[in-house]
Each structure stands twice: as structure tokens, then as C-alpha cells.
Protein chains: 2
Amino acid sequence: MVTTEKITCLLNWKATPYHLPLFLASQLGYFTDEGIKVAILEPNDPSDVTEIIGSGKADLGLKAMIHTIAGKARGYDIKSIGTLLDEPFTGVIHLKHKSGITDFHSLRGKRIGYVGEFGKIQLDELTQHFGMTPSDYHAIRVGMNVTDAIIRGDIDAGIGIENVQQVELEEWSVQQGRSRDDVQMLRIDELAELGCCCFCSILYIGNENFIKNNPEKVEKYLRAIKRATDYMIAHPADAYNTFVKSKTHLDTDIQRKIFQRSFRYFSRDLKNVERDWNKVTAYCKRLDIVGSDFEQNQTNEYLTWPLLPESEPGVEPATVETGVVKGGCTRCLHSSIAPPELAAL
Amino acid sequence: MVTTEKITCLLNWKATPYHLPLFLASQLGYFTDEGIKVAILEPNDPSDVTEIIGSGKADLGLKAMIHTIAGKARGYDIKSIGTLLDEPFTGVIHLKHKSGITDFHSLRGKRIGYVGEFGKIQLDELTQHFGMTPSDYHAIRVGMNVTDAIIRGDIDAGIGIENVQQVELEEWSVQQGRSRDDVQMLRIDELAELGCCCFCSILYIGNENFIKNNPEKVEKYLRAIKRATDYMIAHPADAYNTFVKSKTHLDTDIQRKIFQRSFRYFSRDLKNVERDWNKVTAYCKRLDIVGSDFEQNQTNEYLTWPLLPESEPGVEPATVETGVVKGGCTRCLHSSIAPPELAAL
């Protein structure tokens, strides 16, 4: 059988503005400059990703930290080799004027949408944490379409992130003549008492055998992505306009807002952050997703540039209001970095 | 390493309405009913597909006939196991009012967009066929974005199919206050004198080793898709509405028109058509893509239902005017089957 030099890279989600560094590395020829070929693939079901990469049917990809840990605990040989997004806020998103949701206790009897099976595990653990049982609410698996399910009224609330589903719902609310503030999020990191400041980073992951057998390719891959990240941070508007030449259906105001809102979450140095890994690993142990002897499946050894220091732990949790981060941990929120003006995008 | 039972299926193109049978088989639980799991993946670059499937990095997928033949000739172990679309018209699409293109000779000096490398080979052969050399026109690789490149004016014309790019351009023309008839196609089957009636079917393909080692899975996969095809033919509006619940960005009028225009091209029995294979194989020999001893890499042995007869060869070529097929070969155009009314979709 003829083999291929192409590295397959399976996204965690349909193409989305926060994937810019990967697409730009491809579009701007940075992978080619490094002498590698990368085929970016999009999943139809996000729940397929760890299994496909872990079983060696794809080489590299993306996945949220909790799924990266959970996949490894299930025997899928995946490992994180870097970070794309540092801890976007994750939570239960709802429309205040109709959901009847005010705090976690008020989720009783509600229809809560989740993406894949771990969303259900998290919800069940949270209900337990707040003295409820899974029978106290209706969990509905909605896959990638949390926003639409809320808009259609199929669910009263759904699990999403601050820089995607919350933006989509906010813009829809404005179209409906309501305020952006009608969209509320119960942050899981706060509900679960995880401590400063957020929940679950999105990571560059890969199949462990592929990584072990191709260390130079992995270094080149990440170097090209770092170069694309630097370009995007320096030239956000140019970067976005390049991206949508390839993904024309994302050439919309809402998607530009999603990019804008994602901007401060992009990891600048792509490192796995020890503090975040410790926090989420501890959470996974609490959820009984991993055993007490779980060894973190992450490494920074393929990042061939100086890494930024982590900030000190123990600072106050951050809060967020319509995309403006207040207080909290500067490292993971990059809150000193202003997002690009929307008009300039 | 933990293995997976999931079959990966790599599309030929970003998710598009003509992919409905595959997505429906997944959404309606038909794969599950057959006892198989299928992970549908979308490529970022259509030129990756034969290489990734042929090298065993994906199990199954979709690809146009000419690429399926060309990939095999290059040593990629791919084989067609059925047909999704019977011979949609493929050609050089342009805007009459500004392109200055009237016939193939008038392509001299023009900027012609193509998707991947075989588009270039075809163009070069066609120019040669009409007494030109590749230096007589400017070939520009535009990937999936032929329509946008024409709209932006980056190219004067581009290779596309009648049921996708032509529809997109027609609808854009109407938005601009021009007629749908401003969009013209020089059909490659006519230019290349391939004979009745069209050019290049889109096929269900797979990695040969995977197929050989998993005959039952392949049968189940195709049976689920046949069931979804039957459902879609019988209930086009329900089918489309189900599809866009998963692919919300395709819930637009233009995409519904693309579905409508694709309707008559869907293979009803999913068979590889011998006549079409002979025609395109002969064309590939002419293009020097394959040797004279090329053995067709296609089989109908995994289609476990009665196949429809092929129509007689030798009838007059069909013509098409804004989606209405006139005359020609009834088999490959299914011209006796009315597409669903747009208002009903």
C-alpha cells in the first residue's frame, strides 16, 4: 500500500473562528515552509474525536482538556502537546426572560442540552453537588447545536462556551429586540467550585504513538502554528480576512464577533499550563472519570521557543460581563490584551 | 493501543446538500440499526481525500470518478463501491456579461479557476484539444471557492458543477439584478467530446484493504445509505429539514436550491454504471492519467438489492437550461423524475 506523508489533524468541532491559527498555518504556507503536509479534517460529531485520534485513525487534532483526560483514562492513547485556547468560560447558557433559571437550584425540572457524554457526566455531578439527582432535570444531547436548540425552544438551557454559543445567542437576542444581557451563563467552574478562574482549555492533542515516532514532525507542526498565532495576534483583521477566503460561510458579523471574543483566550505561547492541568485533573478525579493515580497526558517538550511564566495561583476568580473580563487571573484570561475592534475586523 | 469500531468516512468536499444520504443515514439512526458506527469527516482541502483514503488513514469516503481512477493509477488503493451522484454536468462556469467567453477558443488569455491538480490536467488537455497550449490561459488553483473567486473577479471562469457552483452564481446574479441566464457553462463532456451525456459521477469509495477485510461492514454501510436515499427521494422536504438541524449553516434558500438541483442526479440504486466507467476510463487514458491496461477499480458486489438496468447507449446528448434537462439519456439524468418544488422544501 502506498503511504502518505500527510499528517491528519482532526478538529474538535466544525470549523470555527477560534481555529484560526491552524487554518492560517495551512493557508499562509507555514506548514509547507516547515516541510510538512497537514490535512485538516472536521468532525461531524465531536464525540468521535478522542476515539479516532486515540485509536490511531487520525494523527493529531484538538480537544478540550477534560475530554483529553477522560479519553486517556479510557485507554485511548492521546496526549496534549500544547494549548490553543486558555480556559474559555464554560457554563449553562440560557435566556433570562424565558428560562426561569436564576441559579443552579432553579435548573430543577428544566431541559438542559449538552454536546456529548461528558456533558451529561458533568451535569449529573453538578446536580449531585447541589443536592439533586439526575432525575431532577432532563438532559438532552444536542451535539454541536446548543444555540439553535435554545432558540427553537427545544431546551431551556445548554452547555456552551462564552466565546461561541454565548455570542451567537447574544446576537440573536439583539435581533429579537432584546438586550445582550438576556443571555446568562451559570459558569461551571464557579458551580463546581473549581477555583480561579475558568474551566477547560482547548488543547493541541495527538496520538501517542504518532507523537513518539514523529517528534520532528510534531515540532514543525507546532512551530508553524506558533508562527500563525503570532501573525494573528499582530494582524487580527488580515488574519480573519484570510481565514474566511477559505471558510466563506464564516464571513459574517456574528462569526467576527466570535473571533473577537475568542481573542484573549488564545494561548500566546501554546504551553500546557500546569496549574490548569492540576485543577482539571482534580475535577476529573472528583467526577470518577480518572483514578487517583492518573498521570497527566500532557507535555511541553515539542514547543521549541521560550515559554511564558505561569501567574501565581490563589488570586480572586475573574468575572465576565458581555465579554469584558474583570479581575481574576491575568495569565489565563490575558486580560491585559485588548481584543481587536470589531470595526477593524 | 485501544482500537475503535468506528468507520471513518471522509467526504469529497465540505458538507453540501448532495451529501444528504450519508448524513441522513447517520441522523436517522440507520447506521446504528445496521450495527455499525460511522464517523463522517469533512476535508479542508479536497485534494487530500484520495491520498488519505488510499493510504489507509481513512476507511471510506466519497470522490469523483476521474479522481478515483487517477488515485488508483498513482498507487493509492482505493475502489468505488457505489455511486452517490450520476454524472452532474461539469464545466467551465462564467458570467456572460463580463467574462467575454463564448466558446472554448475564447478562453485564450482568461484566468480559469480549478479545484485541485486534476482540474489543471483537464484544462491543459482541453486547451491542447482545441489547439492551444497551457501558456495561452492562466490556470489559478482556487480550491473549494470557485463561486466566490468568480464573484470577487479573481478569475474569469472556473470549473464547477451544474448543481452547486452554477446555482450559487445564478442566485447571486439575481441578487445583482441580472438574469440567471447570465451564468453560462461550457460543459467539459461536450468540449472533450466524451459522448452522452455528462462527465463525472461522485462515488462511494473506500480503502481496498478495508473493503476486503470488512465486507459485511461495507454491505451494512451501503444498505443504511440506500435506506436513507429511499427516504430522501420519498420525503425530500422532511429529509432536508432533518439535514439542516445538524448543518444549520446550510439552512438557506440557496442551499435548498442546490438540493433541488441535485435531486435528479442522486443514484437511485447506488450502482457503478459500466457505461460511465468505460467512458471516463477512456478519457483518463486520453489524458495519460492511466495506462492502457488499467483495470477499473469499481465493484457493485456490496450492493445487496436489485440493481436497475442501464439505459441504452447511443442516444442523443442531453442539454440543460437552468436546471431543466432536455432530451438525452434518461438513465443518467433521471430526467423523468421531477425535482421537489422549492416551496415545499
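Residues numbered from 1 in each chain as written. Chains lettered and ligands numbered in written order. Predicted model: local features only at pLDDT ≥ 70, side-chain atom pairs only at ≥ 80, totals over all residues. Heavy atoms only, no water.

Run through the overall build of chain A, naming residues and quoting values.
Scanning chain A for helices and strands turns up 15 helices and 12 strands. When the 345 residues of chain A are sorted by exposure, 60% land in the buried category. Nonlocal contacts in chain A, meaning residues at least 24 apart in sequence, comprise 80% of its contacts between residues at least 6 apart. Only carbon and sulfur atoms are counted for the fraction: they give 47% of the accessible area of chain A, which is about 12700 Å². (Helix = DSSP H or I, 4+ residues; strand = E, 2+ residues; numbered from the N terminus. Buried < 20%, exposed > 50% of the residue type's maximum accessible area, 1.4 Å probe, protein only. Contact = heavy atoms within 4.5 Å. Areas by Shrake-Rupley, 256 points an atom, 1.4 Å probe, with all protein chains shown as cover.)

So what about the packing of helix 8 (residues 165-175) of chain B against helix 13 (residues 253-262) of chain B? Which residues, and what values?
All names here are of chain B. Relative orientation of the contacting elements helix 8 and helix 13 amounts to 135 degrees, with a least axis distance of 9 Å. Relative to helix 13, the element helix 8 lies oblique. Between helix 8 and helix 13 lies a crossing whose hand is right-handed. Contact with helix 8, carried on its side by Val-167, Glu-168, Glu-170, Glu-171 and Gln-175, involves Ile-254, Gln-255, Lys-257, Ile-258 and Arg-261 of helix 13 and no other residues of that element. The residue inventory of the contact of helix 8 with helix 13, partitioned by class, reads three nonpolar, two polar and five charged. (Axes fitted to C-alpha atoms, helices over the stretch in contact; angles between N-to-C directions. Parallel < 35°, antiparallel > 145°, perpendicular 65-115°, else oblique. Left-handed = near helix turned anticlockwise from the far one by under 90°. Nonpolar A, V, L, I, M, F, W, Y, C, P; charged D, E, K, R; others polar.)

Explain the relation of the copies chain A and chain B to me, and be specific about the residues and the numbers.
Turning chain A through 180 degrees and shifting it by 0.0 Å along the axis lays it on chain B, with an RMSD of 0.0 Å. Read as a symmetry element, the transformation amounts to a two-fold axis. Closest approach to the rotation axis among the C-alpha atoms of chain A is made by A:Glu42, whose C-alpha sits 2.4 Å away. When the interface residues of chain A are mapped onto chain B, 100% of them are again interface residues, pointing to one common binding face. (Least-squares fit on C-alpha atoms with pLDDT ≥ 70 in both.)

Please provide a residue-by-residue account of the pattern of salt bridges, values included.
Going through the model one piece at a time under the given rule, you end up with 48 salt bridges over all chains. Where A:Glu87 meets A:Lys279, a salt bridge forms, and the shortest distance between an N and an O atom there is 2.6 Å. Here A:Glu87 is found in the loop between strand 4 (78-85) and strand 5 (90-95), whereas its partner A:Lys279 is found in helix 14 (residues 274-286), with 192 residues between them in sequence. For the pair A:Glu87 and A:Lys279, one class covers both residues: buried. Linked through salt bridges whose partners overlap, the residues forming this network are A:Lys6, B:Asp48 and B:Glu51. (Salt bridge = Lys/Arg side-chain N within 4 Å of Asp/Glu carboxyl O.)

A description of the side chain of A:Glu42 should follow, citing residues and the corresponding values.
Inspection of the secondary structure puts A:Glu42 in strand 2 (residues 37-43). Residue A:Glu42 is classed as buried on the basis of its relative accessible area, which comes to 6%. Polar side-chain contacts of A:Glu42 include one of 3.0 Å to the backbone nitrogen of A:Ala15. At a separation of 2.9 Å, a polar atom in the side chain of A:Glu42 contacts the side chain of A:Lys247. Dropping the residues within four chain positions of it, A:Glu42 is found in contact with A:Leu10, A:Leu11, A:Lys14, A:Ala15, A:Phe23, A:Lys247, B:Ile40, B:Leu41 and B:Glu42. (Polar contact = N/O pair within 3.5 Å; in protein donor to acceptor, adjacent residues only side chain to side chain.)

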